[in-house]
There are 2 protein chains.
Amino acid sequence: MPERVIVFDVNETLWDLAGLDPLSTHVFGAARARAEWFEQVLNLALTSALVGTFDDFTSLGNAALAMVAAKRGMSLKEEHIARIAAHIVHLPAHPDAHAALERLQRADFRLTVLINSTAAVVETQLDHAGLTPFFDVILSVDAVKRFKPALEPYRFAASRVGMPTSRLRMVAVHNWHITGAMAAGCKAAFVARGRHIQSAGSTTGRHRTHAGSRCRSNR
Amino acid sequence: MPERVIVFDVNETLWDLAGLDPLSTHVFGAARARAEWFEQVLNLALTSALVGTFDDFTSLGNAALAMVAAKRGMSLKEEHIARIAAHIVHLPAHPDAHAALERLQRADFRLTVLINSTAAVVETQLDHAGLTPFFDVILSVDAVKRFKPALEPYRFAASRVGMPTSRLRMVAVHNWHITGAMAAGCKAAFVARGRHIQSAGSTTGRHRTHAGSRCRSNR
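This is a predicted model, so every value here is computed, not measured. (Residues numbered from 1 in each chain as written. Chains lettered and ligands numbered in written order. Predicted model: local features only at pLDDT ≥ 70, side-chain atom pairs only at ≥ 80, totals over all residues. Heavy atoms only, no water.)

**A short note on the overall build of chain A**
On a plain count of helices and strands, chain A comes out with 9 helices and 6 strands. Relative to its full complement of 219 residues, chain A shows a buried share of 56%. Long-range contacts, defined here as pairs at least 24 residues apart, represent 65% of the contacts in chain A between residues at least 6 apart. Accessible area of chain A: about 9,000 Å², with a carbon and sulfur share of 53%. (Helix = DSSP H or I, 4+ residues; strand = E, 2+ residues; numbered from the N terminus. Buried < 20%, exposed > 50% of the residue type's maximum accessible area, 1.4 Å probe, protein only. Contact = heavy atoms within 4.5 Å. Areas by Shrake-Rupley, 256 points an atom, 1.4 Å probe, with all protein chains shown as cover.)

**A word on the relation of the copies chain B and chain A**
When chain B is fitted onto chain A, the two copies agree to an RMSD of 0.0 Å after a turn of 180° and an axial shift of 0.0 Å. As the rotation angle and translation indicate, the two copies are arranged about a two-fold axis. Taken as a fraction of all interface residues of chain B, those also at the interface in chain A reach 100%, which identifies the copy contact as same-surface. (Least-squares fit on C-alpha atoms with pLDDT ≥ 70 in both.)

**Quick notes on the pairing of strand S4 (residues 168-172) of chain B**
Residue and element names in this part refer to chain B. S4 sits mainly inside the fold: 4 of its 5 residues count as buried. Of the strand pairs in this sheet, strand S1 (residues 4-8) and S4 are connected by 4 bridges, and their pairing is parallel. Across the sheet, the residue bridging to Phe 8 is Val 171, located in S4. Two strands pair when backbone bridges link them, and S4 and strand S5 (residues 187-191) are joined in this way by 4 bridges, in the parallel orientation. By the bridge assignment for S5, Val 171 is matched with Ala 189. For the crossover from S4 across helix H8 (residues 175-183) to S5, the handedness is right-handed. (Pairing = 2+ DSSP bridges. Right-handed = clockwise from strand over helix to strand, strands pointing away.)

**Points about the packing of aromatic side chains**
Residue and element names in this part refer to chain A. Scanning all chains against the criterion turns up 8 aromatic pairs over all chains. Taking the centre distance of 5.7 Å and the plane angle of 50° together, the rings of Phe 57 and Phe 147 count as tilted. Within this pair, whereas Phe 57 is found in helix H3 (residues 57-71), its partner Phe 147 is found in the loop between strand S3 (138-140) and helix H7 (151-161), the two being separated by 90 residues in sequence. Given the relative accessible area of 0%, Phe 147 is considered buried. Each residue in the set Phe 54, Phe 57 and Phe 147 is aromatic and connected to the rest through ring pairs, giving one cluster. (Phe/Tyr/Trp six-rings, centres within 6.5 Å; stacked < 30°, edge-to-face > 60°.)

**With respect to the packing of helix H2 (residues 33-51) of chain A against H8 of chain B**
Two numbers describe how H2 of chain A lies on H8 of chain B: the axes approach to 10 Å, and their chain directions differ by 15°. Relative to H8 of chain B, the element H2 of chain A lies roughly parallel. Note that H2 of chain A runs across H8 of chain B; the crossing there is right-handed. On the side of H2 of chain A, the interface is formed by Asn 43, Leu 44, Thr 47 and Val 51 of chain A, while H8 of chain B contributes Asn 175, Trp 176, Thr 179, Gly 180 and Ala 183 of chain B. Among the residues forming the contact of H2 of chain A with H8 of chain B, the class breakdown is 4 nonpolar, 5 polar and no charged. (Axes fitted to C-alpha atoms, helices over the stretch in contact; angles between N-to-C directions. Parallel < 35°, antiparallel > 145°, perpendicular 65-115°, else oblique. Left-handed = near helix turned anticlockwise from the far one by under 90°. Nonpolar A, V, L, I, M, F, W, Y, C, P; charged D, E, K, R; others polar.)

**A closer look at the interface of chain B and chain A**
Contacts between the two partners involve 37 residues from chain B and, on the opposite side, 37 residues from chain A. The junction of chain B with chain A conceals about 3,000 Å² of combined surface from both sides, 64% of it contributed by carbon and sulfur atoms. Where chain B touches chain A, the interface holds 0 salt bridges. Across the contact surface, chain B and chain A share 0 residue pairs in polar contact (both at pLDDT 80 or more). Those elements that place two or more of their residues in the side of chain B that touches chain A are helix H2 (33-51), helix H3 (57-71), H8 and helix H9 (202-211) of chain B. Sort the elements by how many residues they give to the side of chain B that touches chain A and H2 of chain B lands first, with 10 residues. (Buried area = accessible area lost by both parts, 1.4 Å probe. Salt bridge = Lys/Arg side-chain N within 4 Å of Asp/Glu carboxyl O. Polar contact = N/O pair within 3.5 Å; in protein donor to acceptor, adjacent residues only side chain to side chain.)

**Brief notes about the environment of Asp 108 of chain A**
Residues and elements named next belong to chain A. For Asp 108, the position within the fold is in the loop between helix H5 (97-106) and strand S2 (109-115). Taking the relative accessible area as the measure of exposure, Asp 108 reaches 63% and is therefore exposed. In the structure, Asp 108 is positioned 104 residues away from Arg 4 in sequence and 7.9 Å away in space, judged by C-alpha atoms.

**Regarding the nonpolar core**
Leu 14, Leu 131 and Phe 135 of chain A together with Leu 14, Leu 131 and Phe 135 of chain B are the most contacted members of the largest nonpolar core, which totals 108 residues. Residues within four places of Leu 131 of chain B in sequence aside, it is in contact with Leu 14, Trp 15, Ala 93, Ala 97, His 98, Leu 101 and Leu 126 of chain B. (Core = buried A, V, L, I, M, F, W, Y, C linked by side-chain atoms within 4.5 Å.)

**Topic: the pattern of salt bridges**
A complete count under the given rule lists 22 salt bridges over all chains for this structure. Among the salt bridges present, the one from Asp 9 of chain B reaches Lys 148 of chain B, with a minimum N-O distance of 3.0 Å. In this pair, Asp 9 of chain B is assigned in the loop between S1 and helix H1 (21-28) and Lys 148 of chain B in the loop between strand S3 (138-140) and helix H7 (151-161), connecting sequence segments 139 residues apart. Each member of the pair, Asp 9 of chain B as well as Lys 148 of chain B, is classed as buried. Its salt-bridge partner being Glu 36 of chain B, residue Arg 72 of chain B comes within 3.0 Å of it at the nearest N-O pair. Here Glu 36 of chain B lies in helix H2 and Arg 72 of chain B lies in the loop between H3 and helix H4 (78-88), a separation of 36 residues in the sequence. By relative accessible area, which is 28% here, Arg 72 of chain B ends up partly exposed. It is possible to trace a salt-bridge network through shared partners that takes in Glu 12, Asp 21, Arg 34 and Arg 195 of chain A.

**Focus on the confidence of the model for chain A**
Considering every residue of chain A, the mean pLDDT works out to 90; 90% of them sit at 70 or more. Here residues 202-212 of chain A is a poorly scored stretch, pLDDT under 50, and it has 26 contacts once near neighbours within four places are set aside; other chains count. (pLDDT = per-residue confidence, 0-100.)

What follows is the structure in structure tokens.
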């Protein structure tokens, strides 16, 4: 059987950023500031990929924290920024993640991750969550200095695993990630966790009808 | 004095989408679904600009409505979609918009708009809000089939008004719009309305320090 590679997204796909909500309530006075923050990080990442600038995901995360604080008329203390950063790398994995990865590994899939974060951050996250042994290589967009869902990161991943994009299947809870992956020629699987929804619109639909799978997780 | 052109963003910059909140409460049971919806539209627009697909902004708006509904386990009725579309084109302008445009026009600025929406939608919006007489041309990204903040729409605007991008000043409440405008070589002015915040991060900061202005509106 030809070797098959499954490439995981990590934030929200392998662990739930809702684990940051209590700290968000403590710092911002609102749990929902955490979701606003991640939306803002993503907007900064997409914008920078579009206009051709690049700062690493941690820098964008901090810029977004300052924006979420400014919306509330606050400025963040260094101590709070440090606590949030420490919390992010110690989030538990989704309860179904370990068993799912184990099953895929037993079925002889080669597993890897492709992340917008820096490799240093995700290595700590995977170690803490006990998921490091499943992945043979960690691929960060830092290598190409352009964020997903730009096409370069997907092509970079294919090149690093030594296969055409058509032999990679990207797994994510993010509609935009699935769209980018398929536009780059990858297969993809959308994981329908919680509030994450795949677009039925033609922008993604035109790709999805060719190659997409849909997985419903237990939560 | 050389002719100077000011190019306005419209949604949220000239009128407040919060005017949709009561309808959002009626349809989705939550006023905040409206803000979620606009975030989702924007995410679809940025994603499509990044991966190189294009559907007009109205199509993305409808796809995003379906996603916001699906998050809530609902499917939208045709009647609701039609009511939302009708409401969008009949939003009142921000209370300060008319006087501000009048002042700029008297000061001999040439005023135009550059929109992600279709021209048909914004023409109805401007007519209803009584702002049509201020603008000499309406520029929609439909002409270049790539959404702001990709650089093409800004270059297209410069070409259509017959000037280099450096002679255009883009006005918007959106951080991403300011970032794109400056990356394309335009000047820009960020309007700090309500919950809109400009990034102090380096991604936008590197542009802002050269050319940006900051306006604080009355609301």
